[in-house]
Structures are given as C-alpha cells and as structure tokens.
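As a plain string of letters, each chain reads:
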Amino acid sequence: MGHPATAVVLPDWSAVRDEATRHLQALIRFDTTNPPGNETPAAAYIVETLRAEGITAEVVESAPGRGNAVARLQSANPTAPPILLMGHTDVVSVERDKWTRDPFGGDLVEGFVWGRGAVDMKSQVAAELTALLLLKRSGQDFERDITLVAFADEETGGGDHGAAWMWAHRRDLLDAEYAINEGGGEPIEVNGRRFYLCQAGEKGNAHLRVTARAAPGHASIPLDDTAMLRLGRALVRLHEWQPPAVVTPPMRALLATLAPAFGPEGEATVAAILANPTWDALAALPFDADVRAGLRASVHNTAVPTIVHGGHRLNVIPSEVTLELDGRILPGQDPDDWRAEVQAALGDDVEVTLVSGGPGLAADPASPFFDAIAATIADLDPGAAVAPYLVSGGTDAAHLPGIKVYGFFPPASPARNALYTGLMHGHDERYAVEDLLFGTRFVYELVTRFCGER
Ligand SMILES: [Zn+2]
C-alpha cells in the first residue's frame with residue numbers, strides 16, 4: 001500500500017462541506033426511529049443520489065419498509081477483494097419535549113446539523129455517500145470494488161432486518177475483505193499527544209440470570225433465611241468481586257502504540273503491564289476519567305446487574321427472586337465459562353444461568369488496511385497516531401463474521417468528541433459540519449490510498 005493519492009480530479013473541499021451537509025440534513029429528515037424503522041425512504045434517497053451519477057445501487061428490503069441501501073463502485077479490473085463502507089440508517093427513539101429543536105428537522109445552526117442520528121450514525125452514512133460520489137467523479141480506477149451499505153435495523157441489536165438478514169440472504173452483495181464502520185475514530189490526548197482510537201474488535205455478550213430461592217412465608221413472621229437475603233448477599237459479592245484484567249491483542253497493540261506518550265519510562269511501564277496485567281497497574285496510566293472507564297471495560301469480562309424481579313404481595317415472603325446481569329465478554333471468552341466464573345464468585349446460595357450469549361470479535365490490528373487508516377490520519381493530522389482498541393458495546397460488525405471490520409469515523413476535535421459521546425442516544429443530538437467534512441475527507445483519502453491504482 002502506501003502509494004500516493006493520484007486523483008485525476010481533486011475535490012473542492014469547500015463545496016464538499018456543503019454537499020455532505022445537505023446529505024446529512026436530508027437523511028435526518030427521514031424519521032427512521034426503530035422500531036418500527038421504516039428505513040426504505042432513507043435507503044431510496046441514498047440509492048437515487050448514487051444512481052444519478054452512474055453508480056450501481058439498489059434498495060434491498062428484508063420486509064416491507066425495511067430497506068437496506070447497497071451500492072457498488074466497480075473497478076474495471078479488480079485485482080483484490082472489495083472493501084465495504086458500512087453504516088446504518090435507523091435511529092433510537094426521542095423524547096421530543098426534551099429537545100431544543102425538531103429532532104427530525106435537520107436544522108443547520110452555528111455550524112452544527114441537529115437531529116436524531118446526527119452522531120449515531122447518519123453523519124458517517126452521509127460522509128460515506130459523499131465520498132463515494134467524489135471517488136466516482138475523480139475518474140480514478142481502483143484495484144478493488146468499493147461497496148457502500150447502509151443497513152436497516154441496527155439499534156435493536158439483532159440486525160434481523162438489516163445486517164444479519166443481509167448476511168443470511170444476500171451475502172453476495174456483502175463480499176468484502178475489509179470494512180469501515182461506526183464505533184471508533186475518537187481522538188484522545190495523552191500527555192499532549194493526539195491519538196485516534198480505531199475499533200479493531202468488540203466484546204460479545206452473556207445475558208446471565210441470578211436466581212435466589214428459599215422457603216416462602218407470611219410476612220407477619222420474619223424468617224432468618226429468605227430468597228431476598230440470598231440475593232442481597234449475592235449482589236454485595238458481585239459488587240466487591242474484582243475479576244482479573246485480560247489484555248486482548250487489540251489492547252496490547254493500543255498500549256504499545258501509546259507507550260511513547262507515557263514518558264521516558266513508557267516502554268518499560270507497558271512491557272511490565274503486558275508481562276503481568278493487573279487493573280491497578282493499568283489504572284495508574286495517565287488517562288482522564290472517561291478514557292480510564294473505557295479502558296476498564298475493555299480489559300475485563302463484566303456482569304452488571306440491571307433488572308430485579310421478585311415478590312407479588314406485600315405480605316408474602318417470596319420463594320424466588322431473580323436478577324438479570326448484562327454481561328459483556330472479551331473476544332476469546334466462552335459465554336458459559338463466564339457464567340461458571342460468576343457462579344463461583346457469587347457462591348452456591350444462588351443459581352447463575354446463561355440466558356443468551358455470543359462471542360466477541362477482533363480484527364487484526366496489524367493488517368494493511370489498519371496501516372492505511374493510520375497513514376491517512378498521519379496525512380490529515382500530522383503528528384497524530386492511530387491506536388487500535390476494543391469497544392465495549394456491539395455494532396453490526398458482529399453480523400458480518402467473514403469481514404475484517406474496523407470502527408473508524410474521526411471527528412477533528414477531542415473536545416467535540418467528548419460532546420458527541422454525551423449526545424449519542426441523548427437529547428439535542430448534533431454534529432459539527434467541520435467534523436462531517438473531516439470524516440468525508442478521511443473516507444475519500446483512505447479509499448484512494450488503499451484501493452487506488454499503483
Ligand atoms: Zn449506531
């Protein structure tokens with residue numbers, strides 16, 4: 001890779017800023033709240049925009065109204081498998097009365113486009129759409145086909161009408177070696193140096209249920225041993241338990257990349273941590289609180305209590321109380337083995353069962369595509385480096401097991417990145433036009449670098 005960009009027609013980035021903004025506004029104005037989704041009009045907008053400039057595109061509906069947009073910029077003579085620019089058009093619901101502006105208005109105010117999906121993730125979809133148009137207009141030929149897919153139905157988790165359905169029914173359209181997706185690209189500062197985090201893997205899940213049982217009774221006569229007491233003890237044990245830190249390959253690569261920012265002893269500090277990873281040692285690294293919290297999630301299997309059920313009458317001591325645990329597991333961790341560890345930690349007062357689970361995944365942070373991401377950022381933001389990491393949540397990447405998926409859509413400013421983290425799925429979601437342009441430019445330059453003719 002690493003050959004220079006050879007665009008025949010160089011983009012006019014000021015015009016591109018306006019064009020990408022228009023596409024983001026248009027996408028926000030389609031109410032794709034999921035459920036029910038109703039993504040087809042947004043998918044049709046993407047498809048018609050691309051077809052108008054001669055790019056092959058179609059809407060693939062998994063069910064009425066559940067449209068996935070698929071487009072392909074074809075190479076005249078492909079010598080390598082396609083790459084995929086992916087995203088989703090559905091959004092989570094809004095509490096309208098908590099918003100300052102119409103969440104489906106797409107207003108442009110003081111440099112920000114407002115609306116549900118501005119962060120997650122119509123901004124990236126608009127950037128990928130715009131970048132594909134620019135790539136077509138540039139007149140370049142490419143070594144690989146470039147596929148754009150805007151899935152329906154990401155936000156409910158299963159991808160039943162989106163990525164999972166497409167993988168099951170139209171895998172022919174998703175053939176790709178590498179993909180760019182949401183879930184990464186955030187710039188962070190460590191001791192004055194800037195790093196962009198690239199998601200190179202994500203945690204799996206293990207929904208666990210804790211059941212406590214004991215004899216029932218009438219509440220007028222207290223009992224020494226109850227299901228409530230057993231569950232209470234289990235909750236305290238869960239809270240006090242410190243499972244071991246586990247440093248997976250993307251996190252090893254993260255620490256190695258960040259080491260120079262940790263000071264003159266940075267390399268030695270990281271080597272010591274990798275030889276014997278403990279959370280105490282990791283927590284002592286010079287990160288701000290948000291980054292440290294994310295790091296903690298990325299080096300542990302977790303089981304967080306979220307729902308409790310039990311009791312039905314005020315005067316009846318219940319014989320059974322249950323607690324649901326939202327478990328997130330590292331790549332390589334078996335869900336049932338994690339269940340057994342949680343059971344051992346909580347003791348045999350309670351029973352821990354696995355309700356559902358799926359493994360995490362990791363893309364290779366040493367791939368040529370990762371290197372192209374890093375080289376593109378080095379051009380766009382001289383002095384900055386790209387560090388892989390493992391995201392604690394899940395994305396559509398889990399539904400595309402044959403593709404090496406990297407989450408990377410960088411905003412230009414660490415301060416605005418912190419703003420976006422707070423706005424995602426929240427009120428007054430908005431995205432800066434400057435970041436939309438930076439992201440569009442990143443996609444364009446990355447594809448040109450990685451797929452352009454040698
Ligand atoms: Zn999303």
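Residues numbered from 1 in each chain as written. Predicted model: local features only at pLDDT ≥ 70, side-chain atom pairs only at ≥ 80, totals over all residues.

**Points about the overall build of the chain**
Cut-off, in case you're wondering: A helix here means a DSSP run of H or I that spans at least four residues, while a strand means a run of E at least two residues long, and both kinds are numbered starting from the N terminus. We take the radius of gyration over the C-alpha atoms and set the globule estimate at 2.2 Å times the residue count to the 0.38 power. Once C-beta atoms are placed from the backbone, each residue is buried if 20 or more other C-beta atoms lie within 10 Å of its own, exposed if 12 or fewer, and partly exposed for counts between those two. Throughout, a residue-residue contact means that the two C-beta atoms, derived from backbone geometry, are no farther apart than 7 Å.
Counting its secondary structure elements, the chain contains 13 helices and 19 strands. On C-alpha atoms alone, the chain measures out to a radius of gyration of 24 Å, which is about the 22 Å that the 2.2 N^0.38 rule sets for 454 residues. Projected onto the principal axes, the alpha-carbon positions of the chain cover approximately 85 × 55 × 45 Å. The 454 residues of the chain split such that 47% are buried. Expressed as a percentage of contacts within the chain between residues at least 6 apart in sequence, the contacts between residues at least 24 apart total 78%.

**Brief notes about the sheet that holds strand E12 (residues 302–310)**
Our working definition: At least two bridges found by DSSP between two strands are what make those strands a pair. Note on method: axes are straight lines fitted to C-alpha atoms, helices fitted across the in-contact stretch only, with angles between N-to-C directions ranging 0 to 180 degrees.
Spatial ordering of the open sheet is given by E12-E14-E10-E15, a layout of 4 strands whose pairing is antiparallel. Each end of this open sheet is capped by a strand with a single partner; those strands are E12 and strand E15 (350–358). Averaged over all pairs of adjacent strands, the angle between strand axes in this sheet comes to 20 degrees, irrespective of strand direction. Two strands pair when backbone bridges link them, and E12 and strand E14 (residues 320–329) are joined in this way by 8 bridges, in the antiparallel orientation. Each bridged residue has a counterpart across the sheet, and for His309 the counterpart in E14 is Thr322. Packing of helix H5 (residues 227–240) onto the sheet brings it into contact with strand E10 (204–213), E12, E14 and E15, and relative to E10 it is tilted by some 145 degrees. Sheet strands touched by helix H10 (residues 335–346): E10, E12, E14 and E15. Its angle to E15, the strand with the most contacts, is close to 155 degrees.

**Digging into the packing of helix H1 (residues 13–29) against helix H13 (residues 433–451)**
Rules: Oblique is the label for any angle not under 35 degrees, not over 145, and not in the 65 to 115 range, which are roughly parallel, roughly antiparallel and roughly perpendicular in turn. Classification used: nonpolar for Ala, Val, Leu, Ile, Met, Phe, Trp, Tyr, Cys and Pro, charged for Asp, Glu, Lys and Arg, polar for all others including Gly.
H13 packs onto H1 with a crossing angle of 105 degrees between their chain directions and a minimal axis gap of 9 Å. Considering the angle they form, H1 stands roughly perpendicular to H13. Taken together, the residues of H13 that come into contact with H1 (itself represented by Trp13, Val16, Arg17, Ala20, Thr21 and Leu24) are Val433, Leu436, Leu437, Thr440 and Arg441. When the residues that make up the contact of H1 with H13 are grouped by side-chain class, the tally is 7 nonpolar, 2 polar and 2 charged.

**Some details on unusual backbone geometry**
Look at the link from Pro35 to Pro36: it is a cis peptide, with omega at 5 degrees. With respect to the helices and strands, Pro36 occurs in the loop between H1 and helix H2 (40–51). The omega torsion across Asp120 and Met121 is -15 degrees, close enough to zero to call that bond cis. With respect to the secondary-structure elements, Met121 resides in the loop between strand E5 (112–114) and helix H3 (122–137). Phi is positive for Asn191, close to 50 degrees, though the residue is something other than glycine. Tracing the chain through its elements places Asn191 in the loop between strand E8 (187–190) and strand E9 (193–202).

**Topic: the nonpolar core**
Using the following cut-off: Core membership is restricted to buried Ala, Val, Leu, Ile, Met, Phe, Trp, Tyr and Cys residues, and these are joined into a nonpolar core through C-beta atoms within 7 Å. Just so you know, the domain bounds were taken from an automatic or database domain assignment.
Among the nonpolar cores identified, the biggest contains 104 residues, and Ala69, Leu132, Ala179 and Cys198 are the most heavily contacted of them. Counting residues per element, this core draws most heavily on H13, at 10 residues. When we break this core down by domain, the ones giving at least three residues each are domain 1 (13–183 + 395–451) and domain 2 (204–358). Setting aside residues up to four positions removed in sequence, Leu132 forms contacts with Leu50, Ile55, Ala71, Leu73, Leu85, Ile146 and Leu148. If you look at the next biggest cluster of nonpolar residues, it comprises 19 residues, including Ala212, Val321, Leu346 and Val350.

**Some details on the domain arrangement of the chain**
Domains assigned within the chain are domain 1 (13–183 + 395–451) and domain 2 (204–358). Averaged C-alpha coordinates put domain 1 and domain 2 at centres separated by 34 Å.

**Brief notes about the environment of Ala245**
With respect to the helices and strands, Ala245 occurs in the loop between H5 and helix H6 (249–258). Classification of Ala245 by C-beta neighbours within 10 Å gives buried; the count is 20. Each C-alpha atom of the pair Ala245 and Asn417 lies 27 Å from the other, and the pair is 172 residues apart in sequence. The contacts of Ala245, once residues within four sequence positions are left out, are Pro277, Thr278, Trp279, Leu282, Val299 and His300.

**So, the sheet that holds strand E4 (residues 108–109)**
Across a sheet, paired strands are connected by hydrogen bonds in the backbone, their directions being either parallel or antiparallel. If you trace the 3 strands from one edge of the open sheet to the other, you get E4-E5-E19, paired in antiparallel fashion. One side of each edge strand has no neighbouring strand; the edge strands of this open sheet are E4 and strand E19 (430–432). As paired elements, E5 and E19 share 3 bridges and run antiparallel to each other. By the bridge assignment, Phe112 is partnered in E19 with Ala432. Taken strand by strand, H13 contacts E5 and E19, and its axis lies near 65 degrees from that of E19.

**Here we look at H6**
By the criterion of burial, H6 is predominantly enclosed, with 7 of the 10 residues buried. Among the residues of H6, those classed as buried are Pro250, Met251, Ala253, Leu254, Leu255, Thr257 and Leu258. Packed against the buried residues of H6 are E8, E9, helix H7 (266–275), helix H9 (289–298), strand E16 (361–362) and strand E17 (385–391).

**Observations regarding the environment of Glu155**
Within the element layout of this structure, Glu155 appears in the loop between strand E6 (146–151) and helix H4 (163–169). Counting along the chain gives 32 residues from Glu155 to Pro187, while the straight-line C-alpha distance between them is 24 Å. Non-local contacts of Glu155, meaning those with residues more than four positions away in its chain, are made with Asn34, Asp90, Val91 and Val92.

**Remarks on the pairing of E10**
In terms of strand pairing, E10 meets E14 through 10 bridges, oriented antiparallel. Counted as the bridge partner of His207 is Asp326 from E14. Alignment of E10 against E15, held across 8 bridges, turns out to be antiparallel. Counterpart to Val210 in the pairing with E15 is Val352.

**Description of the environment of Asp175**
By the secondary structure assignment, Asp175 is in the loop between H4 and strand E7 (178–181). Each C-alpha atom of the pair Asp175 and Leu84 lies 8.3 Å from the other, and the pair is 91 residues apart in sequence. When residues no more than four places from it in sequence are discounted, the contact partners of Asp175 are Pro81 and Pro82.

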